[in-house]
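Here are the chains, one letter per residue:
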Amino acid sequence: MSAPVTLSVGYGASRKGVPAAASFRRWVEAALRGAKRRKAAELSIRIVDAKEGRTLNRDYRGKDYATNVLSFPVELPPGVNLPLIGDLVICAPVVAREAAEQGKPSRHHWAHMTVHGVLHLIGYDHIDDRDAEQMEALETRILAGLGIDDPYAADDSDD
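Described below are features of the structure shown in this document. (Residues numbered from 1 in each chain as written. Predicted model: local features only at pLDDT ≥ 70, side-chain atom pairs only at ≥ 80, totals over all residues. Heavy atoms only, no water.)

**What about the overall build of the protein?**
Filter applied, for reference: Put simply, DSSP marks the helices as runs of H or I at least four residues long and the strands as runs of E at least two long, and each gets a number from the N terminus on. A simple rule labels every residue: compare its accessible area, found with a 1.4 Å probe on the protein chains alone, to the largest value its type can have, and call it buried under 20%, exposed over 50%, or partly exposed in between. In what follows, a contact means two residues having at least one pair of non-hydrogen atoms within 4.5 Å. Residue-level accessible areas treat just the shown protein chains as cover; the underlying method is Shrake-Rupley with a 1.4 Å probe.
Of the regular secondary structure elements, the protein holds 5 helices and 4 strands. Going from N to C terminus, the protein has its helices and strands arranged as β-α-β-α-β-β-α-α-α. When its C-alpha atoms are laid out on the principal axes, the protein stretches across 45 × 35 × 30 Å. The buried share among the 159 residues of the protein stands at 40%. Within the protein, contacts between residues at least 6 apart in sequence are counted, and of these 63% link residues at least 24 apart. Surface summary for the protein: the accessible area is close to 8800 Å², and the carbon and sulfur share equals 50%.

And the structure:
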């Protein structure tokens, strides 16, 4: 049995083409389970439009364009022990465009971006090649468990 997950999904963009909150929960739980996280987790996911996605990417990463997913891991003060792991921001039009460009079902790309973002929240990254290989292999295993093909098989994107 996995640890409890508290998930809040908010919308700053149209819900058209966006999976239901239950799907996001399933993908978050799969990511945490796949990463062998046994502790309770609390996070939020905000679905945004291109304008908000661009603003956040510019303000927090210095990159002036909307990206698919942004991860904001929580930074708790020493001694504060809460299940918070952070926030994800997923840009709906970017995910839709990438899925179409990559010839993937939209739902599969949403799942991939959710899993990818959750792994960032719990400490995984892809800054160097070794870390990228580990993170991508874990994502691929998690997604396979959800019946989703390897997202990197024909993917040329860089995040």
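**Some remarks on the sheet that holds strand S2 (residues 41-48)**
Put simply, the test is: What makes two strands pair is DSSP finding at least two bridges between them. Axes here mean lines fitted to C-alpha atoms, for a helix over just the part in contact, with angles spanning 0 to 180 degrees between N-to-C directions.
Judged by pairing direction, the sheet is mixed, and its 4 strands sit side by side in the order S1-S2-S4-S3 without closing on themselves. Edge positions in the open sheet fall to strand S1 (5-12) and strand S3 (69-73), since each of these has one partner strand only. Taking the axes of each pair of neighbouring strands and ignoring which way they run, one obtains an average angle of 15° across the sheet. Sitting on the sheet, helix H1 (residues 21-34) is in contact with S1, S2 and strand S4 (84-91), with an inclination near 135° to S1. Of the strands in this sheet, S2 and S4 touch helix H3 (residues 92-102), which is tilted by about 65° from S4.

**Topic: the nonpolar core**
As a rule of thumb, soluble globular proteins bury nonpolar side chains together. For the record, the criterion: Each nonpolar core is a collection of buried residues, namely Ala, Val, Leu, Ile, Met, Phe, Trp, Tyr and Cys, held together in the definition by side-chain atoms within 4.5 Å.
Counting residues in hydrophobic clusters, the biggest one holds 33 residues, and the most contacted among them are Phe-24, Val-28, Leu-43, Ile-45, Ile-47, Ile-90 and Trp-110. For this core, the elements supplying multiple residues, two or more each, are S1, H1, S2, S4, H3, helix H4 (106-121) and helix H5 (129-145). With 7 residues, the single largest contributor to this core is H4. Setting aside residues up to four positions removed in sequence, Leu-43 forms contacts with Val-5, Thr-6, Leu-7, Ser-8, Val-28, Ile-85, Gly-86, Leu-88, Val-118 and Leu-121. Val-48, Leu-56, Leu-70 and Val-89 belong to the second largest nonpolar core, which has 7 residues in total.

**Some points on the packing of H3 against H4**
The condition is simple: For classification purposes, angles smaller than 35 degrees are called roughly parallel, those larger than 145 roughly antiparallel, those between 65 and 115 roughly perpendicular, and all remaining angles oblique. In a left-handed crossing the near helix is turned counterclockwise from the far helix by less than a right angle, and in a right-handed crossing that turn is clockwise. Each residue is assigned to one of three groups, with Ala, Val, Leu, Ile, Met, Phe, Trp, Tyr, Cys and Pro labelled nonpolar, Asp, Glu, Lys and Arg labelled charged, and all others, Gly among them, labelled polar.
At their nearest, the axes of H3 and H4 sit 9 Å apart, and the two run at 120° to each other. On the basis of the axis angle, H3 is oblique to H4. Every pair of crossing elements has a handedness; the one defined by H3 and H4 is right-handed. The residues of H4 that touch H3, namely those facing Ala-92, Val-95, Glu-98, Ala-99 and Gln-102, are Ser-106, His-109, Trp-110 and Met-113. Considering only residue class, the contact of H3 with H4 consists of 5 nonpolar, 3 polar and 1 charged.

**A closer look at H1**
Keep this limit in mind: Under the convention used throughout, the expected extent of a helix is 1.5 Å for every residue step, that is, one less than its residue count.
Over its 14 residues, H1 runs 20 Å from end to end, which matches the ideal 20 Å to within 8%, given 1.5 Å per residue. Within the span of H1, buried status applies to Ser-23, Phe-24, Trp-27, Val-28, Ala-30, Ala-31 and Leu-32. Where H1 is buried, its residues touch S1, S2, S4, H4 and H5. Just beyond H1, the residue with positive phi is Lys-36, at close to 60°.

**Some words on the side chain of Asn-57**
Within the fold, Asn-57 resides in helix H2 (residues 50-61). Of the residues examined, Asn-57 reaches a relative accessible area of 0% and is grouped as buried. Ignoring any residue separated from it by four or fewer positions in sequence, one finds Asn-57 in contact with Gly-62, Lys-63, Tyr-65, Thr-67 and Leu-70.

**Section: a nonpolar patch on the surface**
So the rule is basically this: Only residues whose relative accessible area exceeds 30% and that take part in no salt bridge are eligible for patches, with like-charged residues grouped when within 9 Å of each other and nonpolar side chains (Val, Leu, Ile, Met, Phe, Trp, Tyr) grouped when within 5 Å. Throughout this description, the term salt bridge denotes a Lys or Arg side-chain nitrogen within 4 Å of a carboxyl oxygen of Asp or Glu.
A cluster of nonpolar side chains, Val-74, Leu-76, Val-80, Leu-82 and Leu-84, forms an exposed patch at the surface whose accessible area comes to about 340 Å². Topologically, Leu-76 is positioned in the loop between S3 and S4.

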